[in-house]
Amino acid sequence: MTQWFYADDQRNRVGPMSADELREHYRQRRLRRDSLVWSEGMVQWLPLERLALELDIDSVTPDATLPPPVPTGIGAAPPANRAPPRKQGMSGCLIALIVCAVVAVPMIAILAAIAIPAYNDYTQKAKVAEAIAMVAPVKAAIAEHGVREGRCPDNDSADLAPLLAQLAQSPRIAATRVGTLEGGHCAFEITLRGIGAQDGKTLLFEADDDVSRWDCSGGDLPDRVRPAQCRTNPNPT
């Protein structure tokens, strides 16, 4: 008697059994027409459908009151070689990244604390230099007035009025004063604006006896934002 085997939905081999028993299993819906079957002498497993005539499967009606086979994969046992679960916790790269961040954040803060004030001083110094360059025509006019009139001019002098009015329109100079110091030297003072923290600070230009050279170290502008030639301290802080 030919012995038959079939593969269930978990690929387990069921059998051996006779053709009658195989048909009974089919009636009980333990296998389907696409289930693989095999018997001695067959080269390979074939779907039951391919052997329906030989096994007289068409004469069997599956019992509708019974559930069909469980679809492949549902309720199947887990693979034997399942990979072990990953260990919980942070990877070495993540730890290194956190360490770098912890070190870098304070360093960035320190660098910012140094760089930002230095940058502010640099930009303020550039604007002060711009203001000093603007007053060059006024210094020349004061010198000419002194030679011509034999005395220092003031804000009301007609030859200086146009220059002073022009300076009043500049973005760096808020006010000007021209006059004579107690020692008799001509002087010119500007009040700064548009320079951030130095707005309202002053620069005083004092001429020498023959009004040929000027000293610009006067006024209350901090040395750190003055050009070198206008500092009272050669190493400002």
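Residues numbered from 1 in each chain as written. Predicted model: local features only at pLDDT ≥ 70, side-chain atom pairs only at ≥ 80, totals over all residues. Heavy atoms only, no water.

Identification of the protein chain as DUF4339 domain-containing protein from Agrilutibacter terrestris is taken from an unreviewed UniProt entry.

Chemist: Mind laying out the state of the cysteines, listing which residues take part and the relevant values?
Modeler: Tallied over the full model, the rule gives 2 disulfides. Cys-152 shares a disulfide with Cys-186; S-S distance 1.8 Å. Residues Cys-152 and Cys-186 share a disulfide whose torsion about the S-S bond is about -95 degrees; that sign makes it left-handed. With Cys-152 in the loop between helix H4 (136–149) and helix H5 (161–168) and Cys-186 in strand S6 (residues 186–192), this residue pair connects regions lying 34 residues apart in the sequence. At a sulfur-sulfur separation of 1.8 Å, the disulfide partner of Cys-216 is Cys-230. Taking the sign of the S-S torsion, about -90 degrees here, the bridge from Cys-216 to Cys-230 comes out left-handed. (Disulfide = S-S within 2.5 Å. Helix = DSSP H or I, 4+ residues; strand = E, 2+ residues; numbered from the N terminus.)

Chemist: Summarise the sheet that holds strand S2 (residues 13–17); cite the residues concerned and give the values.
Modeler: Strands sit in the order S2-S1-S3-S4 across an open sheet of 4 strands; the sheet is antiparallel. For this open sheet the edge positions go to S2 and strand S4 (46–47), each flanked by a neighbour on one side alone. Both strand S3 (residues 36–39) and S4 contribute to a ladder of 2 bridges, which runs antiparallel. Its bridge partner lying in S4, Leu-36 is registered against Pro-47. (Pairing = 2+ DSSP bridges.)

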